[in-house]
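# Coordinates in review
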Amino acid sequence: MTTGPTLRPHDVVREDRADGSIVLRSQVPLGPVAARVGDWLDHWAKAAPERAFLAERQGAGWREVTYGQAALVVRAIASHLLRRDLGPDRPVMVLSGNGVDHGLLALAAQYVGIPVVPVAEQYSLIPDAHPRLAHGAGLTTPGLIFATDGDAFEQAMALEVFDGAEKLTSAGLADWMTPTGADVTAAARSVTHDTLAKVPFTSGSTSDPKGVLTTHGMLTTNQAQIGACLPFLSERPPVIVDWLPWNHTFGGSHNFNMILANGGSLYIDDGKPAPGLFDRTVENLRLLPGTISFNVPVGFTQLVSALEADAELRETYFANLDMIFFAGASLPRSTWDALSRLAAEAGKAPLITTSWGMTETAPGALIAHEQVDSPDTIGVPLPEVEVKLLPLGAGRYDLRARGPSITPGYLKNAEKTAAAFDDEGYFITEDALELVDESDPNKGVRFDGRLSEDFKLTSGTWVQTARLRLQVLEALAPFAQDAVITGAGRDEVAVLILPNRGAIAAQGWEVSEADGLWRCAELEHEVQGRLADLADRATGSATRVTAALILADPPSMATGEATAKGNINFPKFLAARADMVERLYNPETPGRLSP
């Protein structure tokens, strides 16, 4: 077996305060921090001009843009942007998804200090989601909007909220390859750590999405923090085949900038872990062995099934792999174990890890930069990030964080900004954690759910939804792609199940749809038996699932049930499916499974 990638050991100190709170700090030195995002591009254009930077599918292969080419194009585009009335109050909004043109335009804007507002392409392509697009545009007032395809995005670009904005497509961008003569160098040098780089949006689970002020210093500091913990990133330029959307902080801030900061290559996967699209991901993974594999847990669950069924895919996937990295939700133990087993069988020892962060933290704040043995361990603070843990009882803590990679606040929302920080300047995350080992902070912390998603039964018993959801997914693997826990204000806990269609199809079972439910005798028998086993192990009403329904309809982005990267927005999901929740608690509902 090959040795794993070079890692820097955890080095954390713990401060216990008189009020019962705990502060954790990393002693890993930060190292150099780039002054601005554009410095990364300038460096690699000189150091490795022929190396591929961005690529997208073209026919049977890839259209690649090298660092040298990217630098020339970015400066040319930037010269055109400087001739327009653009800036913090009139940013560039990108409507379409990941693509080479998107990446080059976004870098060009940031290069000369013009912020970018990336939004989920589904907000433009799904008419019912246009109100979410209009909300974002009304808040940010873009001076220029971009979409790759004018025909596909015509309806969105014609929205009244864009009447004052210039419209640009890939066809028009092609005419910007000749510089205008504007002083790009002077504009680039005026960009500082405090210059606004982008305004991504929160998911808006409990209110309208908020625009998160994200500066160049937040982004460059965060990559220096990550690089200090993962030295292998600078030892071998990372290569990724990645679908994670750039409008979200995981794909757009973490992954994109990790590639740019370390002189790596980003091959855009035009598939995703969704019905009808995952086959394209598998095809793309066959073409190129990456050094890092990023995904959300739902994606890794589907990938495991594909890897187990395809020896050729396994060989390519593990050939050069340094790290398997998941984020966005907790990874089921069965998926973690399967990835570990498959890597060992391939003779590889990649770091299998995760990080914790939010849009407001640029995004990384904690990371497991040692190999850990549990998928719920989210690691230790990054260098210069201070983590404050407020005791909640029973070994749980309320997580707060501060540091140079934390946002200064929300765009045009002083009230939400003030409410987001405590009196010491720590960002209030509303996430719960546990210490892996109370006596050793270097063991890290484990994620224990969103406090806002926990609820009480009528008995007054608290249900910790994140923990129970993982138990349900473990019990139902591989047949459940996701699960939504219900029971707020009710006597009992129940669950709505999103089926793993690929795993079920592999069984050859006959499936039908009726009244929004998947009906399949074999599947229902399997699920009912496994939930019965889970109920037998329950320690009380808060961990005993008493009923389930298997849903036919996946989460909808139009109604806000799902984020662009495929995670479920649980409050919006439950609100949109209130009728299904009522059916779940009606014993007469056809298809209702009761363990």
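What you see is a predicted model; the values in this text were computed from it and never measured. (Residues numbered from 1 in each chain as written. Predicted model: local features only at pLDDT ≥ 70, side-chain atom pairs only at ≥ 80, totals over all residues. Heavy atoms only, no water.)

## Quick look at the pattern of salt bridges
Taken as a whole and assessed by the stated rule, the structure comprises 36 salt bridges. Between Glu-283 and Arg-57 there is a salt bridge, with its nearest N and O atoms 3.1 Å apart. In this pair, Glu-283 sits in helix H12 (residues 278-287) while Arg-57 sits in strand S3 (residues 52-58), placing the two residues 226 residues apart along the sequence. Residue classification places Arg-57 among the buried residues on the basis of a relative accessible area of 14%. Here Asp-322 and Arg-236 are joined by a salt bridge, their closest N and O atoms 3.0 Å apart. Placement of the pair is Asp-322 in the loop between helix H14 (311-318) and strand S14 (323-326) and Arg-236 in the loop between helix H10 (232-235) and strand S11 (239-242), with a sequence separation of 86 residues. Owing to a relative accessible area of 33%, Arg-236 belongs among the partly exposed residues under this scheme. One salt-bridge network, in which partners are shared between bridges, spans Glu-15, Arg-17, Arg-25, Glu-386, Lys-388, Asp-398, Arg-400, Arg-402, Asp-422 and Glu-424. (Salt bridge = Lys/Arg side-chain N within 4 Å of Asp/Glu carboxyl O. Helix = DSSP H or I, 4+ residues; strand = E, 2+ residues; numbered from the N terminus. Buried < 20%, exposed > 50% of the residue type's maximum accessible area, 1.4 Å probe, protein only.)

## As for H12
What H12 keeps buried is the set Phe-278, Thr-281, Val-282, Asn-284 and Leu-285. The buried side chains of H12 occupy one side of the element, clustering within an arc of 165 degrees when seen end-on. (Arc of directions from axis to C-beta.)

## Here we look at the packing of aromatic side chains
Two aromatic rings, taken as a pair, are described by how far apart their centres are and by the angle between their planes. Within this structure, the stated rule accounts for 11 aromatic pairs. A ring pair is formed by Phe-53 and Tyr-67, whose centres lie 4.7 Å apart and whose planes are at 25 degrees; its orientation type is stacked. Here Tyr-67 lies in helix H2 (residues 67-82) and Phe-53 lies in strand S3, a separation of 14 residues in the sequence. Each member of the pair Phe-53 and Tyr-67 is classed as buried. Pairwise contacts between aromatic rings join Phe-53, Tyr-67, Trp-246 and Phe-256 into one cluster. Across the ring face of Trp-62, the terminal group of Arg-57 is positioned such that the distance to the ring centre comes to 5.7 Å. Across from the ring centre of Tyr-585, 4.4 Å away, lies the NZ or CZ of Arg-490, which sits over that ring. (Phe/Tyr/Trp six-rings, centres within 6.5 Å; stacked < 30°, edge-to-face > 60°. Lys NZ or Arg CZ within 6 Å of the ring centre and 35° of its normal.)

## Re the sheet that holds strand S15 (residues 351-357)
Taking strand neighbours across the sheet as the criterion, the 11 strands line up as S1-S2-S18-S19-S20-S21-S17-S16-S15-S14-S13 in an open arrangement whose pairing is mixed. The open sheet terminates on both sides in strands that have one partner only, identified here as strand S1 (12-16) and strand S13 (292-295). Put simply, the sheet's adjacent strands are angled 40 degrees from each other on average, direction ignored. Relative to strand S19 (residues 396-402), strand S18 (residues 386-393) is paired through 7 bridges, and the arrangement is antiparallel. By the bridge assignment for S19, Pro-391 is matched with Tyr-397. (Pairing = 2+ DSSP bridges. Axes fitted to C-alpha atoms, helices over the stretch in contact; angles between N-to-C directions.)

## Thoughts on the side chain of Thr-361
You can see Thr-361 is positioned in the loop between S15 and strand S16 (364-367). Residue Thr-361 is classed as buried on the basis of its relative accessible area of 0%. Beyond its immediate chain neighbours, meaning those up to four positions away, Thr-361 contacts Asn-222, Trp-356, Ser-405 and Ile-406. (Contact = heavy atoms within 4.5 Å.)

## Description of the pairing of S13
What you see with S13 is no split at all: Ile-292 and Phe-294 on one side and Ser-293 and Asn-295 on the other are buried throughout. Pairing analysis gives 4 bridges linking S13 to S14, with the strands arranged parallel. By the bridge assignment, Asn-295 is partnered in S14 with Phe-326.

## Some remarks on the sheet that holds S11
Overall, mixed pairing links the 4 strands, which are arranged S4-S3-S12-S11 in an open sheet. Only two strands of the sheet have a single partner each, and these edge strands are strand S4 (61-66) and S11. Strand-to-strand twist of the sheet, defined as the mean angle between neighbouring strand axes without regard to direction, takes the value 20 degrees. For S3 and strand S12 (residues 265-268), the ladder comprises 2 bridges, and the chain directions are parallel. For Ala-55, the partnering residue across the bridge sits in S12 and is Tyr-267. Against the sheet, helix H11 (residues 249-261) contacts S3, S11 and S12, and its axis sits at roughly 125 degrees relative to S3. In the packing of H12 onto the sheet, contacts are made with S3, S4 and S11, and the angle to S3 comes to roughly 130 degrees.

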